[in-house]
Amino acid sequence: MANYNPNLVKIHRNYTYEELALVFGIHKNTVAMWVKNGLFSFQERRPFLIKGDDAKAFLQHQRASKKQKCKQNEFYCLRCKAPAKPYDDFVEYVPITSAKGRLTGFCDCCESIINKFVSHASVEGYSSFFKIEESKGLEHIKDTDNPLLNSDFTR
Ligand SMILES: [Zn+2]
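A quick note: this is a predicted structure, and the numbers were derived from the prediction, not measured.

### Section: the packing of aromatic side chains
In the structure shown here, the tally under the stated rule is ten aromatic pairs. Aromatic pair Y126 and F130: ring centres 6.3 Å apart, planes at 5 degrees, arrangement stacked. Classification of F130 as buried rests on a relative accessible area of 4%. Members of the aromatic cluster, each reached through a chain of ring pairs, are Y4, F24, W34 and F58. Sitting over the face of the ring of F75, K116 holds its NZ or CZ atom 5.3 Å from the ring centroid.

Below, the structure is given as structure tokens:
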């Protein structure tokens, strides 16, 4: 669903489906769809009427639930139950395989650990918003690449 501005609705008036559709320049079938999706309308007699404040609340709710999707520079914080920015824009990249890993940081709001799974190739792109520290885990993988061989040689 497109992002309709709830503030265009006047809360002290009632709208027919056509009138509400006109506010947003959309087809009245879209309004009928909103009603199907939970927007209350008075259906005792025609034309069906929708209270402005109901429409506004409905659109605000739709908007809020849309906003739950994180932007590229946000993480979903499980404790805040909302998208969050990492504290100080500082994140660590922890490789899981050579192709992917996880960006991890601390929620700006509640300081819980926040994670996001990303491909190794995309890390470069994230560095435009974040200060990314490559995890020691990566060095660890490199170090332990041939550990036995190395130690055998030195002995
Ligand atoms: Zn949080």
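### Remarks on the sheet that holds strand β5 (residues 86–95)
In a beta sheet, neighbouring strands are held together by backbone hydrogen bonds and run either parallel or antiparallel to one another. The strand order β7-β6-β5-β8 describes an open sheet built from four strands, whose pairing is mixed. Two strands lie at the open edges of the sheet, namely β7 (113–119) and β8 (131–134), each paired on one side alone. Strand-to-strand twist of the sheet, defined as the mean angle between neighbouring strand axes without regard to direction, takes the value 25 degrees. Pairing between β5 and strand β6 (residues 100–107): six bridges, direction antiparallel. Looking at β6, one finds that P95 is bridged to G101.

### Observations concerning the pairing of β7
The alternating pattern of β7 places I114, K116 and V118 on a buried face and I113, N115, F117 and S119 on a face that is not buried. As judged from the seven bridges shared by β6 and β7, these two strands associate in the antiparallel manner. Following the sheet pairing, L103 is matched in β7 by K116. Once β6 ends, the chain turns through five residues before running back antiparallel as β7, passing E111 with a positive phi of about 65 degrees.

### Some thoughts on the coordination of the zinc ion
For a metal bound by four donors in tetrahedral geometry, the ideal donor-metal-donor angle is 109.5 degrees, whereas six donors in octahedral geometry ideally sit at 90 or 180 degrees. Those protein atoms acting as donors to the zinc ion are C77 (SG), C80 (SG), C107 (SG) and C110 (SG), and they sit at 2.2 to 2.3 Å. Seen from the zinc ion, its four donor atoms lie at angles of 104 to 113 degrees, and the figure they make is tetrahedral. One chain supplies every donor to the zinc ion, and in sequence these donors are spaced C-x2-C-x26-C-x2-C. Placement of the pair is C80 in the loop between β3 (75–77) and β4 (82–84) and C110 in the loop between β6 and β7, with a sequence separation of 30 residues.

### Describing the nonpolar core
Formed by 17 residues in total, the largest nonpolar core has its most connected members in L20, F24, V31, W34, L39 and I50. Those elements giving two or more residues to this core turn out to be α1 (17–24), α2 (28–36) and α3 (52–67). Ranked by the residues each element gives to this core, the list is headed by α1, at four residues. Formed by twelve residues, the second largest nonpolar core is a distinct cluster that contains F75, C77, A84 and C107.

### A few points about α2
The complete set of buried residues in α2 reads V31, W34 and V35. Each buried residue of α2 lies within a common arc of 100 degrees when the element is viewed along its axis, so the set occupies one face. Phi turns positive, to about 120 degrees, at G38, one or two residues after α2.

### Some remarks on a nonpolar patch on the surface
Together, Y87, F106 and I113 make up a nonpolar patch on the protein surface, roughly 340 Å² of accessible area in all. Within the secondary structure, I113 sits in strand β7.

Cut-offs applied
- Residues numbered from 1 in each chain as written.
- Predicted model: local features only at pLDDT ≥ 70, side-chain atom pairs only at ≥ 80, totals over all residues.
- Heavy atoms only, no water.
- Phe/Tyr/Trp six-rings, centres within 6.5 Å; stacked < 30°, edge-to-face > 60°.
- Buried < 20%, exposed > 50% of the residue type's maximum accessible area, 1.4 Å probe, protein only.
- Lys NZ or Arg CZ within 6 Å of the ring centre and 35° of its normal.
- Pairing = 2+ DSSP bridges.
- Helix = DSSP H or I, 4+ residues; strand = E, 2+ residues; numbered from the N terminus.
- Axes fitted to C-alpha atoms, helices over the stretch in contact; angles between N-to-C directions.
- Donors = N, O, S within 2.8 Å, 3.2 Å for Na, K, Ca; no water.
- Tetrahedral: all angles 85-135°; square planar, octahedral: opposite > 155°, others 65-115°.
- Core = buried A, V, L, I, M, F, W, Y, C linked by side-chain atoms within 4.5 Å.
- Arc of directions from axis to C-beta.
- Patch = residues over 30% accessible without salt bridge, like charges linked within 9 Å, V, L, I, M, F, W, Y side chains within 5 Å.
- Areas by Shrake-Rupley, 256 points an atom, 1.4 Å probe, with all protein chains shown as cover.
- Salt bridge = Lys/Arg side-chain N within 4 Å of Asp/Glu carboxyl O.

Any link to function would need more than the numbers given here.
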